[in-house]
Amino acid sequence: MEQTVEQKLKALYELQTIHTKIDKIRQVRGELPMEVADLEDDVAGLETRIQKIKAELDDLEDDIVTRKNLIKEAQANIKKYETQLNEVKNNREYEAISKEIEIQGLDIQVSEKKIREYGFEIASKTAIYEKALSDLEARKSDLEAKKDELGTITAETQKEENELTALADKATVNIEERLLIAYNRLRQNAKNGLAVVTIQRDSCSGCFNQIPPQRQSDIRQRKKIIVCEHCGRILVDEQMALEAETV
C-alpha cells in the first residue's frame, strides 16, 4: 500500500530518533577506543625501542670484553718481548723488539681509551633505557586503566545499543529505498549525524538558519518532503516530534 508523505516523514523521523540514541551511546565511549589504540601503539613502540637499546648495551659490553682481552694479549706480548730484549745480539734486534713493545703499549692505550668511551656510552644509554622502562610501565598502566574504562562502558551500553540497532533495522523496512539512500547520505555528511531535523524558533535545528514563514507552513502540512535550503536536511514540524515522543 502506497505511503502518504506524512507516513514517510514519520518513518524517517522515527529512524533518526533511534540513530540519535545510538550516536549518544557511542559518544559516551568518546575517544576511548582511539585512546586505547594509541596507547597500544605507544607500548609496542617502547618495547621495540627497549629491545634495541638492550641490544646496543649488550654489544657495548661485548666490545669492552674484546678490548680487555686485547689489553691482556698486548701485556702478554710486552712481557714476551721484554724477555727477548735480554737475549738480543745486536742493536738492530734491540730496536725492532723495542718498537714492538712500543706498538703493544699504544694498542693498550687505544683499548683503554675505547673502554672509557664505551663506559660513557653505556652510562648514557642505560639512563635512556631506564627512562624507557619507566615510560613503558606508565603506558601499560594507562592502557590497562583505559581498557578497564572502555570495558565497563561497553558492558553497560552494548545491550542497549544492540537493541536500538535491531529497532533501526526494523524501522528501515518502512522506508522506500530512494529515501533511505538520501537519508544515509545526509547522515554521513553531517557531523552530528542528523539527517532529519525539526523547526525550532523558526529555524532549522540542524544548521540554525531561519526558515521563511511560508516554507514553515508547507512543512506543517506534511504534503511533501521539504529540505533545508542551507544544509539539505529533511525538515519536519515540531508537532511531529511531540507526537513521536508520546508514542
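Here the residue numbers are simple positions, counted from 1 along each chain's written sequence. Only residues with pLDDT of 70 or above have their local features reported here, since the model is predicted, and side-chain atom pairs are shown and tallied only from 80 upward, although totals for entire chains, interfaces and linings are computed over all residues. Hydrogen atoms and water are omitted, and side-chain values are computed over all heavy atoms in the structure.

**Some words on the overall build of the chain**
(1) Moving on: Helical segments are the DSSP runs of H or I of at least four residues, strand segments are the runs of E of at least two, and each set is numbered from the N terminus. Helix and strand counts for the chain stand at 6 helices and 3 strands.
(2) Moving on: Secondary structure elements in the chain, listed N-terminal to C-terminal, are α-α-α-α-β-β-α-β-α.
(3) Moving on: In this description the radius of gyration comes from C-alpha coordinates, and the expected globular size is given by 2.2 Å times residues to the power 0.38. Taken over C-alpha atoms, the radius of gyration comes to 39 Å for the chain, far larger than the 18 Å a tight globule of 247 residues would show.
(4) Moving on: Considered along the principal axes of its C-alpha atoms, the chain spans approximately 125 × 35 × 35 Å.
(5) Moving on: Buried residues are those whose accessible area, probed at 1.4 Å on protein chains only, stays under 20% of the maximum for their type, while exposed residues exceed 50% and partly exposed ones sit between those limits. In the chain, buried positions account for 32% of the 247 residues.
(6) Moving on: Here the Shrake-Rupley method, with its probe set to 1.4 Å, supplies the accessible areas, and only the displayed protein chains count as covering residues. As displayed, the chain has an accessible area near 16,400 Å², and 50% of this comes from carbon and sulfur atoms.
(7) Moving on: Positive charges come from Lys and Arg alone, negative charges from Asp and Glu alone, with His and the N- and C-terminal ends not counted. Charge positions are represented by NZ for Lys, CZ for Arg, CG for Asp and CD for Glu. Side-chain charges in the chain split into 39 positive and 49 negative, and the spacing between the mean points of these groups amounts to 4 Å.

**Details of the sheet that holds strand β1 (residues 196-200)**
(1) Moving on: Taken in spatial order, the 3 strands make up an open sheet running β2-β1-β3, and their pairing is mixed. Each of the sheet's edge strands pairs with one partner strand only, and the pair in question is β2 (203-204) and β3 (234-236).
(2) Moving on: Pairs of strands are assigned from DSSP output, requiring at least two bridges between the strands. Pairing geometry for β1 and β2, over 2 bridges, is antiparallel. Paired with I199 across the strands is C204, a residue of β2.
(3) Moving on: Strands β1 and β3 of the sheet are contacted by helix α1 (residues 5-29), whose axis makes an angle of about 100 degrees with β3. Any pair of residues with heavy atoms lying within 4.5 Å of one another is described as a contacting pair. Only the stretch in contact is used when fitting a helix axis, every axis being a line fitted to C-alpha atoms; angles between N-to-C directions are given from 0 to 180 degrees.

**Considering the packing of α1 against helix α3 (residues 91-172)**
(1) Moving on: Here α1 crosses α3 at 160 degrees, and the two axes come no closer than 9 Å. By the angle class used here, α1 and α3 are roughly antiparallel. Of the two elements, α1 crosses α3, and the hand of that crossing is left-handed. For the pair α1 and α3, contact is made by E14, L15, I18, H19, K21, I22, I25, R26, V28 and R29 and by I153, T154, T157, Q158, E160, E161, L164, T165, L167, A168, A171 and T172, respectively.
(2) Moving on: The nonpolar class holds Ala, Val, Leu, Ile, Met, Phe, Trp, Tyr, Cys and Pro. Asp, Glu, Lys and Arg form the charged class, and all remaining residues, Gly among them, are polar. Per-class residue counts for the contact of α1 with α3 are 10 nonpolar, 6 polar and 6 charged. Orientation categories follow fixed angle ranges, with anything under 35 degrees roughly parallel, anything over 145 roughly antiparallel, 65 to 115 roughly perpendicular, and all other angles oblique. Here a crossing is taken to be left-handed if its near helix is turned anticlockwise relative to the far helix by less than a right angle, and right-handed if that turn runs clockwise.

**Brief notes about a negative patch on the surface**
(1) Moving on: A residue counts toward a patch only above 30% relative accessible area and without a salt bridge, and it is joined to like-charged neighbours within 9 Å or, for Val, Leu, Ile, Met, Phe, Trp and Tyr, to nonpolar neighbours within 5 Å. Every case where a carboxyl oxygen of Asp or Glu lies within 4 Å of a side-chain nitrogen of Lys or Arg is listed as a salt bridge. Taken together, D59, E61, D62, D63 and E121 make up a surface patch of like negative charges.
(2) Moving on: The leading source of residues in the negative patch is helix α2 (residues 32-85), at 4 residues.
(3) Moving on: By the secondary structure assignment, D62 is in helix α2.

**Overview of the layout of surface pockets**
(1) Moving on: Of the volumes computed, that of the largest pocket is approximately 770 Å³.
(2) Moving on: Throughout, the protein atoms alone are placed on a 1 Å grid, and a set of points is a cavity if a 1.4 Å probe fits but cannot get out or a pocket if it is open with protein on both sides within 12 Å along at least five of seven lines; lining residues have an atom within 4 Å of a point. Lining of the largest pocket is provided by 29 residues; of these, Y13, E14, Q16, T17 and I18 occupy positions nearest its centre.
(3) Moving on: Contributions of two or more residues to the lining of the largest pocket are made by α1, α3, β1 and α6 (238-246).
(4) Moving on: Examining the composition of the lining of the largest pocket, we find that 11 residues originate from one element, α1, more than from any other.
(5) Moving on: Tallied by class, the residues present in the lining of the largest pocket amount to 12 nonpolar, 9 polar and 8 charged. Grid points are joined across faces, edges and corners, and a volume is the space filled by probe spheres set on the points.

**What about the pairing of β1?**
(1) Moving on: Burial within β1 is extensive, with 4 of its 5 residues counted as buried.
(2) Moving on: Judged from the 3 bridges that link them, β1 and β3 form a sheet pairing that is parallel. Each bridged residue has a counterpart across the sheet, and for V197 the counterpart in β3 is L235.
(3) Moving on: In textbook terms, the turn of a hairpin is the stretch between consecutive antiparallel strands, and for β1 and β2 this stretch comprises 2 residues, one of which, R201, has a positive phi near 55 degrees.

**Observations concerning the pattern of salt bridges**
(1) Moving on: Enumeration according to the criterion identifies 20 salt bridges in this entry.
(2) Moving on: Ionic pairing is found between R222 and E6, a salt bridge with its closest N-O pair at 2.8 Å. Here E6 lies in helix α1 and R222 lies in the loop between α5 (213-221) and β3, a separation of 216 residues in the sequence.
(3) Moving on: Judged by relative accessible area, E6 falls into the partly exposed class, the value being 30%.
(4) Moving on: The partner of R139 in a salt bridge is D42, with the nearest N and O atoms 3.5 Å apart. Pair noted here: R139 is in helix α3 and D42 is in helix α2, with a separation of 97 residues, a long-range link.
(5) Moving on: Classification of R139 as partly exposed rests on a relative accessible area of 31%.
(6) Moving on: Here D42 falls in the partly exposed class, since its relative accessible area comes to 35%.
(7) Moving on: Here the salt bridges share partners, and the residues they tie into one network are E6, K10, R222 and D237.

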